[in-house]
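Understanding the architecture of this molecule
Below, each chain spelled out in residue letters.
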Amino acid sequence: MKILVTGGAGFIGSNVVDAYINAGHEVLIADNLSSGKPENINPKAKFYRIDIRSEEIRRLIASSMPDVINHHAAQISVPASVGDPIFDAGVNIIGLLYILEAARNAGVKKVIFVSSGGTIYGDADKLPTPETYPARPVSPYAIGKYTGENYLRFYGKQYGLDYTVLRYANIYGPRQVPYAEAGVAAIFMDRLLSKKPCRLNRYPEEPRGMVRDYCYIGDVARANILALTKGTNEILNIGTGIGTYTIDLFNAIFESLKRNFPELPDELKAPQMMPARPGDMKMGCIDSRKAEKTLGWRPEVDLKTGIELTVKWRLAVNGKKATKGENR
Ligand SMILES: NC(=O)c1ccc[n+]([C@@H]2O[C@H](COP(=O)([O-])OP(=O)(O)OC[C@H]3O[C@@H](n4cnc5c(N)ncnc54)[C@H](O)[C@@H]3O)[C@@H](O)[C@H]2O)c1
């Protein structure tokens, strides 16, 4: 298949590109490199430095006529969406419309759209939360993702453009960048490797921190492969269904780092306790049994293994950087 991946230089998008290329697909990437990195770009993909809010994306889709568009490009920060909802909507809603308009005119068969199972349900009282639970987005970011889902439904009905919506949990793994709230695993790793103490935000009644559903990137890439041919016109949660307290995530990272990087100071084992930030959801965890039925997908990498894989990747990257520095 010929597949256009938007955001294919970013953390998740680049891992999806690698999986598509390994599966033998022809891949094009459209990314403006606002947070994506050139080193993430698979050399076997054709790369276009393009903003999705531009005529160039329309021209690229019209001339390349991909079978599937996998849309990962986005403004990804919840606080940034609160600070500048107009910018957020420009990228996450208007940008999507550029793609959908071009897709229907170019005869694209399917769009895979990435939404947010971590934010779309708000503070749900049913955990793990299934797709049937009402969406209660409480930030411009989540409102934008939910709006995107509704546009896909519209394009599906009106123009017969097939879609699959993947509502991700908190994704972690190699290439994750240490910013934005979803990047907590990368933030902890970064601070510990710089021998700086970590901060753990929590509400007074729950000293262990927030509960989140952490899903490994390799599992997510596999869901994107399956969604090429399955899950048509479905909205699917992609997560583990397991809620993990921030302190347990921190401990898993600390232990894995200590095993692989013994010079890590023991006094960093106790994170600094900080108050919750405004709007911090207490608990989030999503039910992915529908993805199991529809795609035949289930997560295979448990948190301990996923953290170990990520730590090893991170140390290897640091090692390469150090070697380059020595050679200079
Ligand atoms: N990381 C998570 O846990 C998580 C959870 C739920 C949903 N998501 C969604 O997954 C997708 C990928 O997120 P990520 O964590 O890999 O973030 P990321 O920042 O690494 O990737 C986003 C990519 O989009 C590109 N981009 C941004 N604006 C663009 C524009 N206007 N034109 C072209 N390219 C643009 C960036 O350069 C970057 O490469 C996003 O849609 C995000 O909302 C992520």
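Owing to the predicted nature of the structure, the values given are computational and were not obtained by experimental measurement. (Residues numbered from 1 in each chain as written. Predicted model: local features only at pLDDT ≥ 70, side-chain atom pairs only at ≥ 80, totals over all residues. Heavy atoms only, no water.)

**Quick notes on the sheet that holds strand E1 (residues 2-6)**
Pairing is parallel in the open sheet, where seven strands are placed in the order E3-E2-E1-E4-E5-E6-E11. Sheet topology places strand E3 (46-49) and strand E11 (234-238) at the edges, where each strand pairs with a single neighbour. Neighbour-to-neighbour, the strand axes of this sheet turn through a mean angle of 20°, independent of strand direction. Inspection of the sheet shows E1 paired to strand E4 (residues 68-71) by four bridges, in the parallel sense. The partner of Leu4 across the bridge, within E4, is Ile69. Relative to strand E2 (residues 26-31), helix H2 (residues 55-64) is tilted by about 170°, and along the sheet it contacts E1, E2, E3 and E4. (Pairing = 2+ DSSP bridges. Helix = DSSP H or I, 4+ residues; strand = E, 2+ residues; numbered from the N terminus. Axes fitted to C-alpha atoms, helices over the stretch in contact; angles between N-to-C directions. Contact = heavy atoms within 4.5 Å.)

**Brief notes about a nonpolar patch on the surface**
On the surface, Tyr151, Phe154 and Tyr159 cluster together into a nonpolar patch covering about 270 Å² of accessible area. Of note, Phe154 is situated in helix H5 (residues 140-159). (Patch = residues over 30% accessible without salt bridge, like charges linked within 9 Å, V, L, I, M, F, W, Y side chains within 5 Å. Areas by Shrake-Rupley, 256 points an atom, 1.4 Å probe, with all protein chains shown as cover. Salt bridge = Lys/Arg side-chain N within 4 Å of Asp/Glu carboxyl O.)

**Quick word on the side chain of Glu149**
Structurally, the position occupied by Glu149 is in helix H5. A relative accessible area of 0% means that Glu149 is categorised as buried. Excluding residues within four positions of it along the chain, Glu149 makes contact with Phe113, Ser115, Ile120, Val165, Arg167 and Ile235. (Buried < 20%, exposed > 50% of the residue type's maximum accessible area, 1.4 Å probe, protein only.)

**Looking at the nonpolar core**
Among the nonpolar cores identified, the biggest contains 64 residues, and Leu192, Ile238, Leu249 and Ile253 are the most heavily contacted of them. No other element matches helix H8 (residues 246-260), which puts seven residues into this core. A domain split of this core shows at least three residues from each of domain 1 (2-173 + 214-238) and domain 2 (181-211 + 244-284 + 302-321). Excluding its chain neighbours within four sequence positions, the residues that come into contact with Leu249 are Val184, Ala185, Phe188, Tyr214, Thr244, Leu303 and Ile307. Residues Ala30, Val91, Ala102 and Leu152 belong to the second largest nonpolar core, which totals 27 residues. (Core = buried A, V, L, I, M, F, W, Y, C linked by side-chain atoms within 4.5 Å. Domains from an automatic or database assignment.)

**Some remarks on the domain arrangement of the chain**
Segmenting the chain into domains produces domain 1 (2-173 + 214-238) and domain 2 (181-211 + 244-284 + 302-321). Centre-to-centre separation of domain 1 and domain 2, based on C-alpha positions: 27 Å. Facing the 15 residues of domain 1 at the interface are 16 residues of domain 2. Counting every contact that joins domain 1 to domain 2 gives one residue pair in polar contact (both at pLDDT 80 or more). Looking at the side of domain 1 that touches domain 2, the elements with two or more residues in it are helix H3 (78-83), strand E7 (170-172) and strand E10 (214-216). When residues of the side of domain 1 that touches domain 2 are assigned to their parent elements, the largest contribution, three residues, is made by E7. Partitioned by chemical class, the residues of the side of domain 1 that touches domain 2 number eight nonpolar, six polar and one charged. (Polar contact = N/O pair within 3.5 Å; in protein donor to acceptor, adjacent residues only side chain to side chain. Nonpolar A, V, L, I, M, F, W, Y, C, P; charged D, E, K, R; others polar.)

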